[in-house]
Amino acid sequence: MANPYFNKLSPTRRHIIIVSVLLTVLAQIVLLTIGLSYVNNINHSVQDKRETNVSNQFHKNTLTQLGELSNLMQLLQSPDFSDFFKSSMNVRDVLTVTQQKNDLLSKLNDLHLSTKMVQRIYFIGSDMNQLSFSKDTDRTTLTELPNLRMDMLQENNMDQVFLKDNNRLTRYSQNDFEYIAMGDQLDMNNERAELYSFINGLNNKLVISNGNVNGVLVIMELNNDLFRSGLPDVYSGAYQFSILNHKDELIWSSADQQELADNNTQTKCQKCVELKKELSPYPYRVVFKQTSDFVLFSKKSIFSAFIALSCLTALVTFLISYFYTKKIFYPYLVLTKKMQNQARSDELILKYISDEWIKKGINSLTLRTKLIMIFAIAVIIPTLSDGFLYSQVLNQAVQNQMEETVHEVGEFMNVSILNRMDFMNQLINQLSVSRQLQGYLTTQQDSSGSFRNIKSTINLSMFPGLNEANYFVLFDSSGQSFYSSIFSNNPDMFTIEKDYLADTDAPYWISGYTDVFNHTTPAIIKRINYWHKGSITQSYLLLVPRDSFLTEVGPMESTVGIKDLQGKPIYSFQPYSTKQLNSLLWSGQIPDTQWQLSIEYSYEDIVLKNSQYYYRLLLIIVLILILSIVISFILASFLLKPLEMLKRKMMIVGEGDFSQMMSYSGKNEIGEIIRSHNYMVQRLNGVIHENMKIMEENANNKLRENELLSLKTLAELKMLQAQINPHFLYNTLEAINMRSMKNGNSEISLIIGSLAEMFRYSVNNGVGKVPLAMELSHVQNYISIQQIRFGEQFIYELEVPEHLTHIAVVKFILQPIVENCLKHGLSGFEEGGIIRIKVLDKDKLLFIEVSDNGIGMDKDKVIQVNGEILNSLENQNNGYENHGGIGLSNVYHRLHLFYKEQVTMKVYSSPMKGTTVTISFPLSQE
Amino acid sequence: MKKNFAKPFVLILSTALFLSACGNAKTTTDNNTAGGTSASPAASANNGAPVTVRFNMGDGEITKDQIKEFETANPTIKIQREDVDTTKLAAQLATGEAPDIIRITGVNDLPSYVIRGIAMDLTKYIDTSTVIKKDDFVSAVNVYRFDGKVQGQGPIYGIPKDFSSDFTIWINKKLFATAGVPIPSETVPMTYSQLFETAKKLTIKNGDTITQYGLSEGGKGEADLPFLMEYLLSKGVRLSTDDNGKIDFTKPEVKQALQLWVDGVKGNYGPNLVNQDKAGWGGEVFLADKLAMYQTGYWFSGLLRGDEKAKTHLDDYVMLPAPVADGGTRVSPTGSATGAIINKATKHPNEAWKVYEWFFGGKPAEDRAKSGWGVPAYKHLLAVIPQETAFDKKTYAVLQDELKYSGKFIEMNPYLLNGDTLLKKQLTPVYFGKATLDDAMIALNKDANKIIDEAKNVASSK
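All of the points below concern the structure found in this document.

Basis of the calculations
Residues numbered from 1 in each chain as written. Chains lettered and ligands numbered in written order. Predicted model: local features only at pLDDT ≥ 70, side-chain atom pairs only at ≥ 80, totals over all residues. Heavy atoms only, no water. Pairing = 2+ DSSP bridges. Helix = DSSP H or I, 4+ residues; strand = E, 2+ residues; numbered from the N terminus. Axes fitted to C-alpha atoms, helices over the stretch in contact; angles between N-to-C directions. Salt bridge = Lys/Arg side-chain N within 4 Å of Asp/Glu carboxyl O. Buried < 20%, exposed > 50% of the residue type's maximum accessible area, 1.4 Å probe, protein only.

**Here's the deal with the sheet that holds strand β11 (residues 469-476) of chain A**
All names here are of chain A.
Okay, so step 1: The five strands are arranged β12-β11-β15-β14-β13 in an open sheet whose pairing can be described as antiparallel. Of all the strands in the sheet, just β12 (481-484) and β13 (508-514) have a single pairing partner and so form its edges. Averaged over neighbouring strand pairs, the angle between their axes works out to 30° when direction is ignored.
Okay, so step 2: Pairing between β11 and β12: three bridges, direction antiparallel. Bridge pairing in β12 places F475 opposite S481.

**Points about the pattern of salt bridges**
Okay, so step 1: A full pass over the atoms with the stated rule returns 39 salt bridges over all chains.
Okay, so step 2: D80 of chain A is the partner of R435 of chain A in a salt bridge, and the nearest nitrogen-oxygen pair spans 3.4 Å. Placement of the pair is R435 of chain A in helix α11 (residues 435-446) and D80 of chain A in helix α3 (residues 79-82), with a sequence separation of 355 residues.
Okay, so step 3: Taking the relative accessible area as the measure of exposure, D80 of chain A reaches 9% and is therefore buried.
Okay, so step 4: Across the pair K450 of chain B and E155 of chain A runs a salt bridge whose closest N-O atoms are separated by 3.7 Å. Linking K450 of chain B in helix α17 (residues 437-460) with E155 of chain A in helix α5 (residues 150-155), this pair reaches from one chain into another.
Okay, so step 5: Assessed through its relative accessible area of 30%, K450 of chain B is described here as partly exposed.
Okay, so step 6: For E155 of chain A, a relative accessible area of 30% puts it in the partly exposed group.
Okay, so step 7: A single salt-bridge network, built from bridges that share partners, covers E61, R103, K161 and D162 of chain B.

**With respect to the sheet that holds strand β18 (residues 583-589) of chain A**
Residues and elements named next belong to chain A.
Okay, so step 1: Within the open sheet, the four strands sit side by side as β17-β16-β19-β18. Their pairing is antiparallel. Edge positions in the open sheet fall to β17 (569-573) and β18, since each of these has one partner strand only. Each adjacent strand pair in this sheet contributes to an overall mean axis angle of 10°, direction not counted.
Okay, so step 2: Bridge count between β18 and strand β19 (residues 595-602): seven bridges; the pairing is antiparallel. If you follow L584 over to β19, its bridge partner there is Y601.

As C-alpha cells, then:
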C-alpha cells in the first residue's frame, strides 16, 4: 500500500487544480496543432487554387501569344510577304522594285504590329540578286540591308544556327556565333560591319526565325518582355513565371532581367512550389514558381492569439477548479477537523458526526463524478472556445483570401481577354491585307452589278490563325453583306445594323451582336480601304471569333460575363446549371476597352474543405471529450485510491478487527483523516489488549486451581474410601509415638514419627509448591519406614547441592517415584538395592533423577511406561494400578499443570540394569 | 487505278527532278560525315524480334501494300518508310540517325555520298544476288558507280529505281501549228541552236502578255546546271580537273551554252524570273497547253497518260530526241536517276540489302516498269514498258533510240553539290541585264572553286 505514486496523486485541491489546468493545456496543445494544420491546409488549398488559376491563365496567355507569333511567322512566309524577297528585286528595274517595296511596306504597316510583341523583322534574301530588309515595328519604313544575304550567312556558318532553331524561340548570346570565322571570307569592310551589327542586334534578344526553309530567312526580333503581356501589371510578388525553350534555356522570366542573365539555367527553388507545364504544340515550357508561402494571415499572429487564448482558458480553468474544489472539499475539511478533535481528546467517549451537511446540492454527488466533471470542464472550455475562434477567424481569413483570389482571377482574366482580343485584332489586320481578300474585293467590284450571282470564294482555308474565327463577313459601306465565309450562297443571312459601321480604320469590337447561329457574341470589325479604278472604296470586314474564344480563358469553376458600358451583354459563360452557393463576385472594367468583366467565382471546394474540417474538428472535440472522461476516470480512481482504502479499512475496523493500520504519508485532507483514524484505532487497540491479558491470566489461575482441587479431592475421596480420617489418624499416630518413646521403644517411635510426618506433609501446606528440602524430607520419612520394614534390602543415596534445596518444587513428586522403585525395581531384592536421588541445575532447568539398580524393564515395557506417563489421568484412573504408572503419571500431570510443556519426565531402563526416572522443569526461586 | 497512282507521282517526280536541279545547297557546309547508324528501337533486339529497316523513300514511291507484301513474305523484317526531307536527312546524317536505305539521285548525289563515306559498296551483294544480275543492267545504271574520280566506273553503290533520258524534248503539236512551225524530226536530233531558234518562233506575244511559250527547262525557262553539263557532254568538254579539285566555268563552251538561255530569258521563251510567271514549273505550263517545247525525260509520258486533260489528246504530244550541242556528238544522258544507297553505318546490312534487292530488283521494279513512269534499270524489263497506244508506241520508239546514247553521264563535281544554286545566282543579274555573262562566269568560278576547296579539305581531313 505504500505506493509513492498514490501518495502523490492524492485528491488534494492542489493536485486537482494542477491536473485540470494541465488537461486544459493539453487540450489546447492538441487543438492548436489541429488548428494550425487546418490553417496550413486551408492555406494550401487556397494557394493551390490561386496557383492553378494564375498558372493556367499565364499558360493560356502565353499560348495565345505563341499562336499569334506563329501565325505572324506563317503570314510573313506567305507569298504576300516573302515573294518580294524571292523575286530578284536587286536586279530588277527601279520602278518595279519601288512599287513592290511600297506595297510590301504598306502591307507590313497595315498589320499594325505591336512593339510589345515584335520589335524588328528581318527578311533576308538568298543571294545578291535578292533584297534584304529589316523593319522596325515602331517605324514605318524599311531599312535595307545591303550585304546581308543567306549565302553570306552560309559562308559564315550562321545558316545552321538559324536552321537548327527554326520556329523555336531562342535567345542568342555572343557564344552562339563565337565559332563563326569572320574575316578572310569577308573582304569588304562594310560587309563585315553589317554582319557584326546584325549579330550584335540579335545578341541577347528573344528571336524566332523560319530557318530559311522557303528561300527567305525571316527573323523576328521579339520584345524581350513579350510574355509579360500575359500578366497583369500588378500581381503577387510571390509568383515567378519563366519560359524555357526546346534547349531548356531560360528565354524569359518575370524576374528582372539581371536575374535572367545571372541564372541562365535554372533558378534554385528551395521552399517554393514549382510547376512546369508544356506549351504544347510549341516546344516550350512554362515554369511557374511560387517563391514564398502565402499566409492567410500571419501565422505568428494566429499563434500568439492561440497562446493568449490558451493562457486565458488555463486561467479560467484554474479559477473554476479552485472554487469548485473548495466546495468539494468542504465536507472533508469538516470531517478531518472533527476526527482530529476526536482523536486528540483523550476521552474515550465517541461522538457522532452529523451527516446533515452532505445532503445538499453538488455534495450529493460522489467524489468520482465531481472529479470527472471538473476534468471534463477543463477540456471542454478550451475546446469550445478554440473551436469558436477557429470558425470565426478562419472563416474570415478564407473570405479575405478568396476575395484576394477572385481579384487576382479578375486581373489575370482581364489580361487574358485583352490578349485574346489582341489576337483577333492581329488576325483581322492580317486578313484585311491578305492578297486573297484584296483580290476578291477588287474583282467583285469589277463584276459590279452581277457580283451577287458570282459565288466565288476567297480561298483562305490555310490562312494562319483563321481557325480561331467562326466565320467572317464582308459588308459594303451600306451594311449590305456580299461575302461570307460560311453559307456563302446566302449572304443575306448576315445582317448588320449600320450603327455598327464606324468611321475608323482601326479594328474595333462591337457588343450585342447576334451571330448567324443566334448567339450573342463579341465580334470585331475592320474597315478595309482599297483602291479601285482610281478611287478609294470601303468595305467592312466582320470577324466572329470561335465560341471558345473567351471560354478558354475563363477560370475554372466560375461564371463569367462581359457587358458593355450600357449593360448590353457581350459574352457570358456559365459552366454550372445551378447557381453556386458559395461564390464571390468581382467586376471591373477591362482596360483599354468599353467592356465590363464580371466574374462569379465559386469557392465551393474551399467551403467544402472548410466544412470537412469543421466536421473533423467536431469529431476531434468529441474524441477529446471521451478521452478526457476516460482520463478523468483513471485520474479519479488514482486520486480516490486512499479514500477507498480508508473506507475499506474503516469498515473492517467497524467489524471489530483493530489490527488494520493504514500506511499513508500524504500530508493532505485524506492523510489527516487516515492519521486520525489510525490514532484512534491504535488507542482502542491498546485498551482492548490490556483487558484481554488480565482476563486471560485470571482464567488460567482459576483453571489450575480447579484442577488441583479436583486432584486433591480425588485423593481425599480415596482416603475417605479407606474410612480413615487423616486428622484422626495423625493424632492417633502421635499418641502412639508418645507412648512408645515413653516406653523406650525407639524403633516404633521412629516409624510412627516418620509416618506421622508423612501424614502431616500430606495434609498441610495445600497443594502448591514447597521447598525441595521439604519434599526430600518427605521422601526420607518414607524411606525410613521402608528401611525398618525391609531391613538391609536397599540403601538410600542423596546427591543434592545445597543451593538447590530452597528451590520450590511441586509437592508429592518424589515420593511416588521412590515408592515405584521399591515396589517394582527392587522387588525380590534381599539386600544390595540402591535408591539414588540426584538433583542438579542446568540451563535454568532443574533436573531430578531417581534411579535404582533393580530388575529393570525390557524395551517394550519402557515404551509402554513412558507412554502411560503422558496419558491423561482419566485413563490412568480407569486402568490398573499394578504398574505404579498412575503414580508417575500423577506426578507428571501435576508438574504439567505448573510448567506446561516445559516439563519433561522420562523413564530409562533395561532388564537387570535398574531404572532411572528423570524429571526436569524450570527453576523458579520461590 | 492509274489515275490514283499517278497523282502523287506527279508531285514526287517533279520535285525529284527539281531537287536534282536545285542541288543540295545545305549539305555542302555540313561538316559532318555520316556517322549514321540505323539503330531503330526494334533493331537492337536481334533474335526473334523482327529487324526494322528504315527506308527513306517517298510515299507513293513505295506503297503500303508493297510494304505489307514484303513483310508477309519476310516476317523477320519490318520496313519503316520515312519521308524525303533533305533538311531532316542532313541532320540525321550529322547525328548518326540516318535511315538504312537513303533515297538519292544518282547523277547529283552519288559521288558526294561516296566521298563522304555514307554509301555502302553493293558490288558483292549484286554479284551474289539471284534476283539482280549485273549483265541485266542497262548502261544508265552505271551512274551509280564511282571510283572516286569518275562517275560510271568503279564499285556499284546503288541502282536507280528507274531513270529517264532527261534531256529529250516534249512538244505540243497544236502549238507548233498555232505558230506555223513545222514539227521537227523524231529520229534526228536538233542542235541546240535549232532548238532555241524554234523556241523563238514558237513564242507568241500579245502586246506585253505572252500567250504562248516556246521552250522551258524542267524547272523554268532558264538555264540550269544539268542543261549546261549535258551541252558540255555533247561537246566533249569537261570542266573539272581529273581529281575534281578545280573547276573552270570560263571555258568558251560554257558561255556558248548559257548564252542560249540568256537570250531565251530575254525573249521570254519560257516562264522565268524576269517575267515572274506564277507557274511552279515548266510542266504546269506545258499541261496547260501554253508551252510548245518542254525539255524533260521519258517519265513525263506517265504524267501525260495520267493527266485528266492531257490524256484526252495524247497524240498531240510527241517526244523528240535530246538535242546535240552545235558541233557536238549525240548523247542522251540521264539528268537524275533517282534510286537509293544503303547507309554504310547500317546495323543490319543483310536485312537492308534484302529490302533493297526486293525493291530495286523484285516485283516493285517490274510494277514500275509497267507503269511507264520511267525507264527500268534492267534490260529484261524494257519490254514491259507501255506500248499499247499509238502514243505509247511512238514514244517507245524514240526512247529505244535514246537509250543507245545514254551510257555517258553528265559531269557532276562531287565537291560542288550546290553548283546549280551558284550558277543560277550568277545568271540572275545577267538575265536582268545587270551583268555580263563573262563577269558572271568569273564570279561563278570564284565561288565554285572556293567551295570545292573547302569541301575537299573537309573530305581529306577525315
